[in-house]
Amino acid sequence: MVEALRESLASGAFRPGQRIAEKPLATRLGGSRGPIRDALNIVAEDGLIELEPHRGAYVPLQTRRDEAQDPDEVTRLWRRKSTTP
């Protein structure tokens, strides 16, 4: 689920500022909400999305780590993170 979510983010499937709802994402990725929630937490730790209590997940206008503004930079960020032990 984590890799599928990272790929969706890197491909531009979500716009900056867009909310990422768990239920539609679970349907889209073919999983249940529990693994989706776990994947959202991991991707938030990577700095690719933001999580707000009682509001959910959303794509930040810029990534926290690199303040990337283009999909290629986001792709490089998650690939680098996914190869880190």
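Residues numbered from 1 in each chain as written. Predicted model: local features only at pLDDT ≥ 70, side-chain atom pairs only at ≥ 80, totals over all residues. Heavy atoms only, no water.

1. Focus: the packing of helix H1 (residues 2–10) against helix H2 (residues 22–29)
For any two helices packed against each other, the geometry comes down to the angle between their axes and how far apart the axes lie. Note the threshold: Each axis is a line fitted through C-alpha atoms, and for a helix only the stretch in contact is used; angles between axes span 0 to 180 degrees, taken between their N-to-C directions. A run of DSSP states H or I qualifies as a helix once it reaches four residues; a run of E qualifies as a strand once it reaches two. Both are numbered from the N-terminal end. Angle categories: roughly parallel below 35 degrees, roughly antiparallel above 145, roughly perpendicular from 65 to 115, and oblique for all the rest. Whether two residues are in contact is decided by their heavy atoms: any pair within 4.5 Å suffices. Think of it as three bins: nonpolar holds Ala, Val, Leu, Ile, Met, Phe, Trp, Tyr, Cys and Pro, charged holds Asp, Glu, Lys and Arg, and polar takes everything else, Gly as well.
Between H1 and H2, the shortest axis-to-axis distance is 11 Å and the interhelical angle comes to 100°. By the angle between their axes, H1 is roughly perpendicular relative to H2. Touching Ala 4, Leu 5 and Ser 8 of H1 are Leu 25, Arg 28 and Leu 29, all from H2. Looking at side-chain class alone, the contact of H1 with H2 contains four nonpolar, one polar and one charged residues.

2. What about the nonpolar core?
Test applied: Residues enter a nonpolar core if they are buried and are Ala, Val, Leu, Ile, Met, Phe, Trp, Tyr or Cys, with the set joined through side-chain atoms within 4.5 Å. Each residue gets one of three labels from its accessible area relative to the maximum for its type: buried under 20%, exposed over 50%, partly exposed in between, using a 1.4 Å probe on protein chains only.
Counting 16 residues, the largest nonpolar core has Leu 5, Leu 9, Ile 20, Leu 40 and Ile 49 as its most contacted members. Counting residues per element, the ones that place at least two in this core are H1, H2 and helix H3 (33–45). The greatest single-element share of this core, amounting to five residues, is contributed by H3.

3. With respect to the sheet that holds strand S1 (residues 19–20)
Worth spelling out the cut-off: Strand pairing is defined by DSSP finding a minimum of two bridges between the two strands.
Taken together, three strands build an open sheet; the order of strands is S1-S3-S2 and the sheet is antiparallel. Each edge of the open sheet is held by one strand with a lone partner, namely S1 and strand S2 (50–52). Direction of pairing for S2 relative to strand S3 (residues 56–58): antiparallel, over a ladder of three bridges. Counted as the bridge partner of Leu 51 is Ala 57 from S3.

4. Quick notes on the packing of H1 against H3
Put simply, the rule is: Crossing handedness: left-handed means the near helix sits turned counterclockwise from the far one by under a right angle, and right-handed means the same turn made clockwise.
It is the contact of H1 with H3, at a shortest axis distance of 9 Å, that shows an interaxial angle of 55°. Compared by their axis directions, H1 and H3 come out oblique. As H1 runs across H3, the sense of the crossing is right-handed. For the pair H1 and H3, contact is made by Val 2, Leu 5, Arg 6 and Leu 9 and by Ala 39, Leu 40, Ile 42 and Val 43, respectively. Across the contact of H1 with H3, the residue classes break down as seven nonpolar, no polar and one charged.

Remember that the coordinates give geometry; whether it matters functionally is a separate question.
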